[in-house]
Amino acid sequence: MSVTAELRKLFEFELYNYLKENIIYSPNIKCLKTEISIKKTKINQARGRIGFRFLNNAQGYCLSTSVDSPELIVFFNKINPPYRSNNPEGVVYAMNTSMEIGFKSFAPNLGGAVDLPRNEEERKKTCEWIYTKVRDIYLPRAMNLIELKPETIKDIILFPNYYAYPFLTILYLSKKHNRSLTDKEMELIFSKRKRILGNKLFDKKLLEIYL
């Protein structure tokens, strides 16, 4: 076994145990070897995952996460928009840390990867670092979408390219929670720079119908 393979084995085992001991969110969240699985429940068919993948070229780990939501898919199919999804079919949200532009939330390194730790002290620090990022950023983001909470609207406006249909998801959440969009939110939604709209005329008409 190579040195890198041995270091990976040691770290992945330690990370698994660290996350298993510290992530306490809900009973449907399970820690696997290189993944956190968010299972569907009797009252919510949505599910998600947060995974860690080793990148040979970066000699470190990137994080990826995705969510499937049958409730949102039904709405998307009903609307049948004249534009394509940002994500593969059936996936309402997907991102990996190499997609993080500007400020890197997961890792300061180019490419969004956390360096493979080389010794016991580094392993402890890296486990704590990854756990904190999952706890504070990636798990709440996934759970907010799985539970279709209105907090997701803010995240969509910040990171629209992570979402299959950013505008339609905002529309659905606003309608579900009887929540009006603020003037600032409307300005950002219609901003060309944000690329939230799929088709301006089509989406504007939906806004008038649903809100």
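The notes below deal with the structure included here. (Residues numbered from 1 in each chain as written. Predicted model: local features only at pLDDT ≥ 70, side-chain atom pairs only at ≥ 80, totals over all residues. Heavy atoms only, no water.)

Some details on the pattern of salt bridges
Here is step 1 of the chain: Considering all chains together, one arrives at 11 salt bridges under this definition.
Here is step 2 of the chain: With a shortest N-O distance of 3.2 Å, R49 and E35 are connected by a salt bridge. Of this pair, R49 sits in strand β3 (residues 47-55) while E35 sits in strand β2 (residues 35-38), and the two are 14 residues apart along the sequence.
Here is step 3 of the chain: The partner of R141 in a salt bridge is D155, and the shortest N-O contact between them spans 3.1 Å. Within this pair, whereas R141 is found in helix α3 (residues 120-146), its partner D155 is found in helix α4 (residues 151-158), the two being separated by 14 residues in sequence. (Salt bridge = Lys/Arg side-chain N within 4 Å of Asp/Glu carboxyl O. Helix = DSSP H or I, 4+ residues; strand = E, 2+ residues; numbered from the N terminus.)

Observations concerning unusual backbone geometry
Leaving glycine aside, a negative phi is the common case for residues, and trans is the common case for peptide bonds.
Here is step 1 of the chain: For Q59, which is not a glycine, the phi torsion comes out positive at approximately 50°.
Here is step 2 of the chain: Topologically, Q59 is positioned in the loop between β3 and β4 (60-68).
Here is step 3 of the chain: On the basis of relative accessibility, which here comes to 26%, the residue Q59 falls in the partly exposed class. (Buried < 20%, exposed > 50% of the residue type's maximum accessible area, 1.4 Å probe, protein only.)

Overview of the side chain of N87
Here is step 1 of the chain: By the element assignment, N87 lies in the loop between α2 (70-79) and β5 (93-96).
Here is step 2 of the chain: The class of N87 is buried, set by a relative accessible area of 12%.
Here is step 3 of the chain: Separated by 3.2 Å, the side chain of N87 and the backbone oxygen of Y162 make a polar contact.
Here is step 4 of the chain: Apart from the residues within four sequence positions on either side, N87 is in contact with V92, Y93, A94, N161, Y162, Y163 and A164. (Polar contact = N/O pair within 3.5 Å; in protein donor to acceptor, adjacent residues only side chain to side chain. Contact = heavy atoms within 4.5 Å.)

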